[in-house]
Amino acid sequence: MTPADLAELLKTTAAAVLAAHGLDTDALPATVTVERPRNPEHGDYATNLALQVAKKVGANPRELAGWLAEALTAADGIASAEVAGPGFVNLRIEAAAQGLIVRNVLDAGAAYGHSALLDGQKINLEFVSANPTGPIHIGGTRWAAVGDALGRLLSTQGGDVVREYYFNDHGAQIDRFTNSLIAAAKGEPAPEDGYAGAYINDIADQILAKAPGALSRTGEEQRETFRSIGVDLMFDHIKSSLHEFGTDFDVYTHEDSMHTSGRVDQAIAKLRENGAIYEKDGATWLRTTEFGDDKDRVVIKSDGQPAYIAGDLAYYLDKRQRGFDLCIYMLGADHHGYIARLKAAAAALGDNPDTVEVLIGQMVNLVRDGQPVRMSKRAGTVITLDDLVDAIGVDAARYALIRSSVDTPIDIDLELWSSASSENPVYYVQYAHARLCALARNAAELGLAPDTAHLGLLTHDKEGALIRNLGEFSRVLEAAASLREPHRVCRYLEDLAGDYHRFYDSCRVLPMGDEEPTDLHRARLALCAATRQVIGNGLAILGVSAPERM
């Protein structure tokens, strides 16, 4: 019996109880929830349903809880139901009914935990989108991990997710990048507002190798040579680093295309039709204050050049024209102003502002020997994705970046995350998976296979705790997807690994010596197989490997 099964049983039982006492069944909530008590002595599950509806139907909460407990005790799969406190009902599930969770996991396999929560929703998920002026820095690396995990998570809930990278190849930062490359090629210092670091010299050398006469060219021809080749080389490096990190994109959209294709003009024309545009001081303004922004925004500057928001407007409209129901933007810590701005842009274009979601990621710091790591050898001024992977590896880097809520700054202790220790969260979870794989190999050598025919034998309290945690996986994924919080999957896996280790220490899975295998051994092997499956499913959502040996 899964938590969802139990919730449905509670709802139907409560409806029957209310009807039997002449009370209003419409008072029942649309969704009934059950929780696992923190103290296992309070039962396997608990519900406050009686407290929720008692006042609405004019009943005493504890008396109503008693009626509900009596009816539930008679239901199939319920071992006991007891009233607690002012009107809680604590429930214990029969081992055979509880064991069905194990069978559900093994039957569903890699699809266990999936749902149709987001079925039919076409979701555009834009993340990283770093300027092609340098390697991915540590903040962008956080989005590379979290964004990829969020995409995988939303897909498990039925969402049709397209991962998109917005390629910022238009504007002043590209000019500064170009000037920096030209200076490096000439052996001169980087411009005061330019980019420094060994990577600039590397790219300049590659440009000279590809276009030997680049420096002999003058004016705009020289600039275009360094710009076009340099941007391509930088972006190739970015894509390569992301791919090696396990993050790939379905679509790459160039900001420059918003201007050269006429999409900016199209967006402005639509805004004029909607009456959301006005002229003032020689510039063209968007009435964003009418849609919740703190001030109106200039779209076309007085010199006739488009402001940055012009590209944003065109890009949002382009996404909607491609059929996306929801546009999720994952932006850095200095982009809080974009939340109201992008929602206002959607509203000005005639859309529900809720078609836009903006997630803001906070800063990441690296720590070694208790001291902050401040500078990259390659980039010169920032820590990069490549630096982090070199220090602790892909799996640890991804897990460390996903494990905390994105609205929280994090410190990554390089010594901790590179250690083979139970203090290292990713090692702790991966070790549980490897231990389960080793157990399966040992069982196979003994000719012993998992069997779900006798799951009712799993009556030990550590078995029950592990089974109930397996049953929580679907709810964890639904909550994590709904709240856009993949870190919940990390915390769940750590709890599950802990339950498994405690179970293994208390319950012998394989026979010893000349001991004959029993149905209990086979049932425990089935429980272990289900646990291995769920840990593997969770790690797959995070984009972290599930090793069979460590």
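A quick note: this is a predicted structure, and the numbers were derived from the prediction, not measured. Just so you know, the residues in each chain are numbered from 1, in the order the chain's sequence is written. Only residues with pLDDT of 70 or above have their local features reported here, since the model is predicted, and side-chain atom pairs are shown and tallied only from 80 upward, although totals for entire chains, interfaces and linings are computed over all residues. Neither water nor hydrogens contribute to the side-chain values; these are computed over all heavy atoms in the structure.

## Observations regarding the pairing of strand 11 (residues 356-360)
Link 1 in the chain: Only protein chains enter the accessibility calculation, which uses a 1.4 Å probe; a residue is then buried when its area is under 20% of its type maximum, exposed when over 50%, and partly exposed in between. Numbering of helices and strands runs from the N terminus, with a helix taken as a DSSP run of H or I at least four residues long and a strand as a DSSP run of E at least two residues long. Along strand 11, four of the five residues are buried, which leaves the element largely enclosed by surrounding structure.
Link 2 in the chain: Strands were regarded as paired on the criterion that DSSP finds at least two bridges between them. Strand direction decides the pairing type here: strand 10 (residues 326-331) and strand 11, joined by five bridges, are parallel. Note that in strand 11 the partner of Tyr329 across the bridge is Val358.
Link 3 in the chain: For the crossover from strand 10 across helix 12 (residues 337-348) to strand 11, the handedness is right-handed. A clockwise course of the path from the first strand over the helix to the second, judged with the strands pointing away from the viewer, identifies a crossover as right-handed.

## Regarding helix 11 (residues 308-321)
Link 1 in the chain: The length a helix should cover is 1.5 Å for every residue beyond the first. With 14 residues, helix 11 ought to run about 20 Å at 1.5 Å a step, and its terminal C-alpha atoms sit 21 Å apart, in line with that.
Link 2 in the chain: Burial within helix 11 is extensive, with 11 of its 14 residues counted as buried.
Link 3 in the chain: Of all the positions in helix 11, only Ile309, Ala310, Gly311, Asp312, Leu313, Ala314, Tyr315, Tyr316, Leu317, Asp318 and Lys319 are classed as buried.
Link 4 in the chain: Gly323, located one to two residues past helix 11, shows a positive phi value of around 95°.

## Examining the domain arrangement of the protein
Link 1 in the chain: Note: domain ranges come from an automatic or database domain assignment. Annotation of the protein at the domain level lists domain 1 (3-93), domain 2 (99-115 + 422-542) and domain 3 (127-261 + 362-418).
Link 2 in the chain: A straight line from the C-alpha centre of domain 2 to that of domain 3 covers 39 Å.
Link 3 in the chain: By definition, residues are in contact when any of their heavy atoms lie within 4.5 Å. On the domain 3 side, the residues contacting the 23 residues of domain 2 number 20 residues.
Link 4 in the chain: The quantity reported as buried area is the accessible area (1.4 Å probe) lost by two parts once they are put together, taken as the sum for both. Both sides of the domain 2 and domain 3 interface together cover about 2000 Å² of buried area, and 62% of this is carbon and sulfur.

## Focus: the nonpolar core
Link 1 in the chain: Within this scheme, the nonpolar core is defined by two criteria: the residues are buried Ala, Val, Leu, Ile, Met, Phe, Trp, Tyr or Cys, and they are joined through side-chain atoms within 4.5 Å. Core analysis: the biggest nonpolar cluster contains 108 residues, and Val128, Tyr165, Phe177, Met330 and Ile412 have the highest contact counts within it.
Link 2 in the chain: No other element matches the 11 residues that helix 20 (residues 519-542) contributes to this core.
Link 3 in the chain: A domain-level breakdown of this core finds at least three residues from each of domain 2 (99-115 + 422-542) and domain 3 (127-261 + 362-418).
Link 4 in the chain: Ile277, Ala314, Tyr316 and Tyr329 belong to the second-largest nonpolar core, a separate cluster that totals 33 residues.

## What to know about unusual backbone geometry
Link 1 in the chain: A positive phi angle, close to 65°, is found at Val128, a residue other than glycine.
Link 2 in the chain: Relative to the helices and strands, Val128 resides in the loop between strand 4 (122-126) and helix 5 (138-156).
Link 3 in the chain: For Val128, a relative accessible area of 12% gives the class buried.
Link 4 in the chain: Of note in this structure, Arg484 is not a glycine but carries a positive phi near 60°.
Link 5 in the chain: In this fold, Arg484 is placed in the loop between helix 18 (473-483) and helix 19 (487-506).
Link 6 in the chain: Classification of Arg484 by relative accessible area gives buried; the value is 14%.

## Points about the UniProt feature "domain: DALR anticodon binding" (unreviewed entry) in the protein
Link 1 in the chain: UniProt positions are given in the numbering used here, feature names are shortened, and annotations may be inferred rather than shown by experiment. In the numbering used here, UniProt assigns the "domain: DALR anticodon binding" (unreviewed entry) feature to residues 429-550.
Link 2 in the chain: From the first C-alpha to the last, residues 429-550 spans 12 Å; its make-up is 68% helix and 0% strand.

## Some words on the packing of helix 10 (residues 263-273) against helix 11
Link 1 in the chain: At a minimum axis distance of 8 Å, the contact between helix 10 and helix 11 shows a crossing angle of 85°. As summarised for this structure, helix 10 and helix 11 are arranged roughly perpendicular, according to the angle between their axes. Between helix 10 and helix 11, the contacting residues are Arg263, Val264, Gln266, Ala267, Lys270 and Leu271 on the first element and Ala310, Gly311, Leu313, Ala314, Leu317, Asp318 and Gln321 on the second.
Link 2 in the chain: Partitioning the contact of helix 10 with helix 11 into residue classes produces seven nonpolar, three polar and three charged. All axes here are fitted lines through C-alpha atoms, helices being fitted over the stretch that makes contact, and every angle between N-to-C directions spans 0 to 180 degrees. Roughly parallel here means an angle under 35 degrees, roughly antiparallel means over 145, roughly perpendicular means 65 to 115, and every remaining angle is called oblique. Under the scheme applied, nonpolar residues are Ala, Val, Leu, Ile, Met, Phe, Trp, Tyr, Cys and Pro; charged residues are Asp, Glu, Lys and Arg; polar residues are all the others, including Gly.

## What to know about the layout of surface pockets
If a probe the size of a water molecule is rolled over the atoms, the empty space left behind becomes visible.
Link 1 in the chain: Grid points spaced at 1 Å over the protein atoms alone were grouped into cavities, where a 1.4 Å probe fits but cannot get out, and pockets, open sets with protein on both sides within 12 Å along at least five of seven lines, with lining residues defined by an atom within 4 Å of a point. Grid points are joined across faces, edges and corners, and a volume is the space filled by probe spheres set on the points. Each pocket or cavity is described by its volume, and for the largest pocket that value is around 1300 Å³.
Link 2 in the chain: If you go around the largest pocket, you meet 46 residues; those closest to its centre are Ala130, Asn131, His137, Asp334 and His335.
Link 3 in the chain: Contributing elements (two or more residues each) for the lining of the largest pocket: helix 5, helix 11, strand 10, helix 12, strand 12 (364-368) and strand 13 (371-373).
Link 4 in the chain: Element by element, the count of residues in the lining of the largest pocket is highest for helix 5, at five residues.
Link 5 in the chain: Along its surface, the second largest pocket is lined by 28 residues, and Pro3, Glu472, Ser474, Arg475 and Val476 are the ones closest to its centre.
Link 6 in the chain: Elements that contribute at least two residues to the lining of the second largest pocket include exactly helix 1 (3-20), helix 17 (461-471), helix 18 and helix 19.
Link 7 in the chain: Top contributing element to the lining of the second largest pocket by residue count: helix 19, with seven residues.
Link 8 in the chain: Residue classes in the lining of the second largest pocket are distributed as 10 nonpolar, seven polar and 11 charged.
Link 9 in the chain: Mapping the lining of the second largest pocket onto the domain boundaries places at least three of its residues in each of domain 1 (3-93) and domain 2 (99-115 + 422-542).

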